[in-house]
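One-letter residues, chain by chain:
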Amino acid sequence: MNVLVYAGPGTTSESVKHAVDSLRHHLSPYYAVVTVSEDALVNDPWMYKTACLVVPGGADLPYVKSLSGVGNKKIDDYVRKGGKYLGLCAGGYYAAKRVEFEVGTPLEVSGPRDLKFFPGTCRGGAYRGFEYGTHRGAKVVELTSAIGGLDRVSQYYNGGGVFVDASRYRNVEILAQYPPDIEVEDGDGSRAAVVHCKVNKGDVILTGTHPEFSSAWLEGVFGAQLTPHERDRKVFMKAMLERLGLKVNEDVDAQPPQLTPIYVTGPQASSVLQTIVANCDVSADGIHQDDTNRFQFSTAPVLMEGDSQELVNFVFPEELPNDRSTPYFSVRKFQAALDELRDGQQLDVGSAVGYGEVVTSTNTLMDGNRQWLKYLPHGFTLTATAQVAGRGRGGNVWINPRGVMATSVLFKVSGDIPNIHNHIVTLQYLCGLALIEAILGYGNGYEDMPVRLKWPNDIYILKPQHYSDVKDRDDVSSTVDGDDEKWAKLSGAIVNSQYIDGTYNLVWGAGVNVSNEAPTTSLNQVLAQLNRLRQRQGLAPLAPYNHEMLLAKVLYTVDQYYKVFATQGLRPFLDLYYKRWFHSQQSVSLVVDGQFVKVVIEGITPDYGCLVARDVNSGHRYELQPDGNSFDIFKGLVYKKTV
């Protein structure tokens, strides 16, 4: 599920950054915290995949202009049906029944608001002196707290309001109060700074302060004043998110994991190092500054201290590292599995594989650094146990936990080959198919794992509670059971392209939930249910999936498939693709110019992978591009992306 942070007109980059960073700190890995535009809130069916909508600080009037009408109606419906809304400062004003800001001054903003989650007036600024786009008038305030086991909590303040008469409303609970020195009339004298509102089935928390602002990101006097109170701020923020009903990390002091060395092994590993040193600007001590990252190449791990912690250490060991060096991934076990699969064949994909326990992003390390990317070989692979800046479609960035197999593979394609653009677009289909085949072909019995492809290349898995019979794996007639989604996303993928000196460098990146318990269902959770079904049939249990063996299967399958794909394209794989996907003859609604058109899915085009849908009434044929449209399997809806 997503936690969406609004980043449309009216928000400030500073407020968005603090909100995103703070939410990721408390909510990863249980939710993907991503930004969302005004177009997406108005036009996309975001409500079905959202655990919480967050509207951060900025200016209320642009929110009104962008979201009034359809946008507010969607937000209101979402909350009343059980959704969650967090309004921070301007986002708090926006969700009140009425706004009164700096009345009688040139900055005055006053009037009714549509959402009315707080049934009264939000009046501000609580303190005078506010100026848009500056910290003038800002201050650190000490609030009286009713949550988190705190009596007092200090937070950054800049123009926020007081929730007037908060104690008089039955559906409102005051979570924190301003000190007595506020400079506006607040009616009942409760000085409400943070309130929790119950709105039908939904939960709303609105703030006048900025509990999400971290001292680490505030410069000057405010950062210095807040530093001694930083832990209490985090405790309050955590308690606030818990009050909303979100699942949070228990340890407020948890820090992002530190980067670890990346060990590059395989038959071509040494030649990779030689090529890079010969062609890139590498210093005598192995350091190379590329476009995004600063690398250090070595034959043994380098101790990182001080500023050197920003270095990405690629280690090309003379011998395979032992399991003590890579405790979460046995390089030796992986290489042995790959050797057994290739059985003397020469592989391109997997001939040089880099593994790091903690990396930034396997994709960015390649496609974000054009200098060394140019000299990396076709099939070069990076994999990791954890990423601290994983990348998805639309530029989404997240921290993925241990238990997710994060992998990126480089494909080198000459710009001179015929129909090159077909090749580029349909590569994602091939790789998605190879991935699901590796999962199902992990060993005898694993073919009963209930996994399916969602166009174009996401993989979904039937949740354990809906897998009561092996035959359920083939039932795609319904993807929901009441309000419960029966299938969960198991894997997502992206292909990025860099054109360098006549060659397309295509980096396919995918993450597979192998054994993690959050934020979604994993292979091994469903495998445990399959083993219960096997036990009823008197069959032996299947061993859990592991990173090493699954990666070997994936790389081998991708290599074998790509050898055919390189000359024949996607067409030889279409029958297998259709066997694995959800959609054959599926009846869905297609959003066309804001209207819903009933269509039946007929397949994909072999050249560009366009989804072919036919209007059941007019017979009109639609061909929908994969990168411009989204397919919601739970609502039976295909719509244009606007994020």
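Rules and cut-offs
- Residues numbered from 1 in each chain as written.
- Predicted model: local features only at pLDDT ≥ 70, side-chain atom pairs only at ≥ 80, totals over all residues.
- Heavy atoms only, no water.
- Phe/Tyr/Trp six-rings, centres within 6.5 Å; stacked < 30°, edge-to-face > 60°.
- Helix = DSSP H or I, 4+ residues; strand = E, 2+ residues; numbered from the N terminus.
- Lys NZ or Arg CZ within 6 Å of the ring centre and 35° of its normal.
- Buried < 20%, exposed > 50% of the residue type's maximum accessible area, 1.4 Å probe, protein only.
- Pairing = 2+ DSSP bridges.
- Axes fitted to C-alpha atoms, helices over the stretch in contact; angles between N-to-C directions.
- Salt bridge = Lys/Arg side-chain N within 4 Å of Asp/Glu carboxyl O.
- Domains from an automatic or database assignment.
- Contact = heavy atoms within 4.5 Å.
- Buried area = accessible area lost by both parts, 1.4 Å probe.
- Expected span 1.5 Å × (residues − 1).
- Parallel < 35°, antiparallel > 145°, perpendicular 65-115°, else oblique.
- Left-handed = near helix turned anticlockwise from the far one by under 90°.
- Nonpolar A, V, L, I, M, F, W, Y, C, P; charged D, E, K, R; others polar.

## Considering the packing of aromatic side chains
Centre-to-centre distance and the angle between the planes together describe a pair of aromatic rings.
Piece 1. Applying the stated criterion to the full structure yields 38 aromatic pairs.
Piece 2. Consider the rings of Phe295 and Trp372, whose centres lie 4.8 Å apart with planes at 50 degrees: the pair is tilted. Within this pair, whereas Phe295 is found in strand β16 (residues 294-298), its partner Trp372 is found in helix α11 (residues 370-373), the two being separated by 77 residues in sequence.
Piece 3. Of the aromatic side chains, those joined through ring pairs into one cluster are Phe295, Phe297, Phe314, Phe316, Trp372 and Phe380.
Piece 4. Note that Lys17 overlies the ring of Trp217, its terminal NZ or CZ placed 3.6 Å from the centroid.
Piece 5. Sitting over the face of the ring of Tyr127, Lys139 holds its NZ or CZ atom 4.0 Å from the ring centroid.

## Some thoughts on the pairing of strand β9 (residues 152-157)
Piece 1. Among the six residues that make up β9, five are buried, leaving the element largely enclosed by the rest of the structure.
Piece 2. Here six bridges tie strand β8 (residues 139-145) to β9, and the two strands are oriented antiparallel to one another. Pairing of Glu142 across the sheet is with Ser154, part of β9.

## Regarding the sheet that holds strand β4 (residues 84-88)
Piece 1. Taken in spatial order, the nine strands of this open sheet run β2-β1-β3-β4-β13-β12-β11-β8-β9, and their pairing is mixed. Of all the strands in the sheet, just β2 (32-36) and β9 have a single pairing partner and so form its edges. Geometrically, the sheet is characterised by an average inter-axis angle of 25 degrees between neighbouring strands, direction not taken into account.
Piece 2. As judged from the five bridges shared by strand β1 (residues 2-6) and β2, these two strands associate in the parallel manner. Looking at β2, one finds that Tyr6 is bridged to Val36.

## Brief notes about the environment of Pro456
Piece 1. Secondary-structure assignment places Pro456 in the loop between β22 (451-454) and β23 (458-462).
Piece 2. The exposure class of Pro456 is buried, given its relative accessible area of 9%.
Piece 3. In this structure the C-alpha to C-alpha distance between Pro456 and Leu430, which are 26 residues apart in sequence, comes to 9.9 Å.

## Side note on the pattern of salt bridges
Piece 1. Using the criterion set out here, one finds 28 salt bridges in the structure.
Piece 2. The partner of Glu100 in a salt bridge is Arg123, with the nearest N and O atoms 2.9 Å apart. Of the two residues, Glu100 sits in strand β5 (residues 96-101) while Arg123 sits in strand β7 (residues 118-124), which places them 23 residues apart along the sequence.
Piece 3. Residue Glu230 is joined to Arg233 by a salt bridge in which the shortest nitrogen-to-oxygen separation is 2.7 Å. Here the residue Glu230 and the residue Arg233 both occupy positions in helix α7 (residues 230-244), the gap between them amounting to three residues, near one helical turn.
Piece 4. When its relative accessible area of 5% is taken as the criterion, Arg233 is described as buried.
Piece 5. Through salt bridges that share partners, Asp448, Arg452, Arg473 and Asp474 make up one connected network.

## Re the sheet that holds strand β6 (residues 109-112)
Piece 1. An order of β6-β5-β7-β10 is seen for the four strands of this open sheet, with the pairing classed as mixed. Every interior strand has two partners, whereas the edge strands, β6 and β10 (161-163), have only one. Along the sheet, successive strands turn relative to each other by an average axial angle of 20 degrees, direction set aside.
Piece 2. Taken together, the four bridges between β5 and β6 define a ladder with antiparallel strand orientation. Residue Arg98 lies in a different strand from β6, and its bridge partner there is Pro112.

## Thoughts on the domain arrangement of the protein chain
Piece 1. According to the domain assignment, the protein chain consists of domain 1 (2-244), domain 2 (262-579) and domain 3 (583-640).
Piece 2. Placing the centre of domain 2 and that of domain 3 at their C-alpha centroids yields a distance of 29 Å.
Piece 3. Taken residue by residue, the interface counts 22 residues in domain 2 and 18 residues in domain 3.
Piece 4. Taking both partners together, domain 2 and domain 3 bury about 1,700 Å²; carbon and sulfur atoms supply 64% of that area.
Piece 5. Three residues stand out in domain 2 for area buried against domain 3, namely Lys454, Trp455 and Tyr578, and they jointly supply 38% of the buried area on that side.

## Section: α7
Piece 1. With 15 residues, α7 should reach 21 Å at 1.5 Å per residue; the first-to-last C-alpha distance of 21 Å fits that figure.
Piece 2. When you tally the buried positions in α7, you get 11 out of 15 residues, the bulk of the element.
Piece 3. For α7, the set of buried residues is Glu230, Arg233, Lys234, Val235, Phe236, Met237, Lys238, Ala239, Met240, Leu241 and Leu244.
Piece 4. Gly245 sits one or two residues past α7 and shows a positive phi near 100 degrees.

## Observations concerning the packing of helix α12 (residues 420-440) against helix α14 (residues 547-568)
Piece 1. Between α12 and α14, the least distance of the axes is 8 Å, while the angle of their chain directions is 140 degrees. In terms of their interaxial angle, α12 and α14 are classed as oblique. Considering how the two elements wind past one another, α12 and α14 form a crossing that is right-handed. Counting all contacts with α12, which are made through His423, Thr426, Leu427, Leu430, Leu433, Ala434, Leu435, Glu437, Ala438 and Ile439, the residues of α14 involved are Leu550, Lys553, Val554, Thr557, Val558, Tyr561, Tyr562, Phe565 and Ala566.
Piece 2. In terms of residue class, the contact of α12 with α14 is made up of 14 nonpolar, three polar and two charged.

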